Amino acid sequence: MGYKIPRYDGDILLVRAKNSFYNNEYDKDLGWSHFTTGKVKVLTVPGDHNSIFWEPHVDVLAEELQKQLRTLK
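Residues numbered from 1 in each chain as written. Predicted model: local features only at pLDDT ≥ 70, side-chain atom pairs only at ≥ 80, totals over all residues. Heavy atoms only, no water.

Turning our attention to the overall build of the chain. When helices and strands are tallied, the chain shows one helix and two strands. Along the chain direction, N to C, the helices and strands of the chain fall in the order β-β-α. Overall size of the chain, expressed as C-alpha extent along the three principal axes, is 45 × 35 × 20 Å. Out of the 73 residues belonging to the chain, those deemed buried represent 22%. Taking the contacts inside the chain whose residues are at least 6 apart along the sequence as the reference set, 63% of them involve residues at least 24 apart. (Helix = DSSP H or I, 4+ residues; strand = E, 2+ residues; numbered from the N terminus. Buried < 20%, exposed > 50% of the residue type's maximum accessible area, 1.4 Å probe, protein only. Contact = heavy atoms within 4.5 Å.)

Okay, structure coming up:
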């Protein structure tokens, strides 16, 4: 018997790298919809798993996250 993840009561913002090898193997939300009672919004940004944090991709990531934060106000 392993750890059972409790369902999260809220929405999830999933950031996905455009150049990830997971893009063809899994559901768009990577299975996160099974762990929330809310919605899963998928944000796709340029780069791969690591390079989304490097220039120039990190600039796009920052812009997109700022847009998402502004919608919360």
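The next subject is the confidence of the model for the chain. Scored by pLDDT, the chain has a mean of 91; 95% of the residues are at 70 or more. Looking across the chain, the model is least confident in strand 1 (residues 12-17), with a mean pLDDT of 94, and most confident in helix 1 (residues 57-71), with 96. (pLDDT = per-residue confidence, 0-100.)

For the structure on display, the rule yields one salt bridge. As a salt-bridge pair, Glu64 and Lys67 come within 3.3 Å of each other at their nearest N and O atoms. Taken together, the residues Glu64 and Lys67, both in helix 1 and three residues apart, mark about one turn of the helix. On the basis of relative accessible area, Lys67 is assigned to the partly exposed category, the value being 40%. (Salt bridge = Lys/Arg side-chain N within 4 Å of Asp/Glu carboxyl O.)

For the rest of this paragraph, the subject is the packing of aromatic side chains. The tally for this structure, following the rule as stated, stands at one aromatic pair. A ring pair is formed by Trp32 and Phe35, whose centres lie 6.1 Å apart and whose planes are at 70°; its orientation type is edge-to-face. Accessibility expressed as a relative area gives 30% for Phe35, which makes it partly exposed. (Phe/Tyr/Trp six-rings, centres within 6.5 Å; stacked < 30°, edge-to-face > 60°.)

With that settled, the discussion passes to unusual backbone geometry. With an omega of 0°, the peptide bond between Glu55 and Pro56 qualifies as cis. Although it is not a glycine, Leu30 adopts a positive phi angle of roughly 55°.

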